[in-house]
Amino acid sequence: NAGVTQTPKFQVLKTGQSMTLQCAQDMNHEYMSWYRQDPGMGLRLIHYSVGAGITDQGEVPNGYNVSRSTTEDFPLRLLSAAPSQTSVYFCASMSPDRNTEAFFGQGTRLTVV
Amino acid sequence: GNSVTQMEGPVTLSEEAFLTINCTYTATGYPSLFWYVQYPGEGLQLLLKATKADDKGSNKGFEATYRKETTSFHLEKGSVQVSDSAVYFCAPRWVTGGGNKLTFGTGTQLKVEL
């Protein structure tokens, strides 16, 4: 069972570069989300989607873009990387049933120098 | 607004000690409540959940009870093991106007020593 697959696992970028973090799920979940994890701050929501073609901003959306053209995929784009975006990024998917759990990818450790 | 407050870490315990990690929430409604665990170098995974008042979730010796009157969901384990060393996140899932959202506490790092 693949679940949620994130790529890459590690990435180093120079300030100003752009890149896309990939996320794919095979559970037919309508809801997908991107979080960043920083020491002492838990997981903060960047962007989320409740279905194909629908996206919305979370707590910390600045500097990031998303799109949701299919149910399976939810890529996160960094437009112009900054050192403040150094973090660990997690993608999650879940069904609309609030009594069910979210499934997480393994994470992407991003360093911006 | 809706929020969650979790006991800060790190918490260091000896093997076989009793563990409590406090979690409280403020909400306009009644969320479903989850505890997730993150082992070193991995993503988060579900530890246990409770979806209504007075429900008790349990898994791997961990327990938590949904207390509506105190808006709490404290995580407990009677005897921790070295393998329980991880970061634990309390996570309510609330109904919102646009669907529902999962929010996380700041996480509590647990280190269990021999």
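Residues numbered from 1 in each chain as written. Chains lettered and ligands numbered in written order. Predicted model: local features only at pLDDT ≥ 70, side-chain atom pairs only at ≥ 80, totals over all residues. Heavy atoms only, no water.

(A) How the structure looks around the interface of chain B and chain A. Contacts between the two partners involve 24 residues from chain B, matched on the other side by 22 residues from chain A. Both sides together, the interface formed by chain B and chain A hides about 1,900 Å², and carbon and sulfur atoms give 51% of it. Taken as a group, L44(B), R93(B) and F104(B) account for 27% of the area that chain B buries against chain A, more than any other trio of residues on that side. Put simply, chain B and chain A have 0 salt bridges between them. Here chain B is connected to chain A by 12 residue pairs in polar contact (both at pLDDT 80 or more). For the side of chain B that touches chain A, the elements supplying multiple residues, two or more each, are strand 5 (32–38), strand 6 (44–50), strand 10 (86–96) and strand 11 (99–102) of chain B. A class-by-class count of the residues in the side of chain B that touches chain A yields 10 nonpolar, 10 polar and 4 charged. (Contact = heavy atoms within 4.5 Å. Buried area = accessible area lost by both parts, 1.4 Å probe. Salt bridge = Lys/Arg side-chain N within 4 Å of Asp/Glu carboxyl O. Polar contact = N/O pair within 3.5 Å; in protein donor to acceptor, adjacent residues only side chain to side chain. Helix = DSSP H or I, 4+ residues; strand = E, 2+ residues; numbered from the N terminus. Nonpolar A, V, L, I, M, F, W, Y, C, P; charged D, E, K, R; others polar.)

(B) View of the pairing of strand 5 (residues 43–51) of chain A. Residue and element names in this part refer to chain A. Of all 9 residues in strand 5, 8 are buried; the element is thus mostly enclosed. In the sheet, strand 4 (residues 31–37) pairs with strand 5 via 6 bridges, with the strands oriented antiparallel. Each residue of the ladder has a partner; that of R36, found in strand 5, is R44. A loop of 5 residues connects strand 4 with strand 5, the two strands running antiparallel in sequence, and G40 in this loop sits at a positive phi of about 75°. For strand 5 and strand 6 (residues 54–57), the ladder comprises 3 bridges, and the chain directions are antiparallel. Within strand 6, the residue paired with Y48 across the bridge is D56. Connecting strand 5 to the antiparallel partner strand 6 that follows it, the hairpin turn spans 2 residues, and G53 within it adopts a positive phi of roughly 85°. (Buried < 20%, exposed > 50% of the residue type's maximum accessible area, 1.4 Å probe, protein only. Pairing = 2+ DSSP bridges.)

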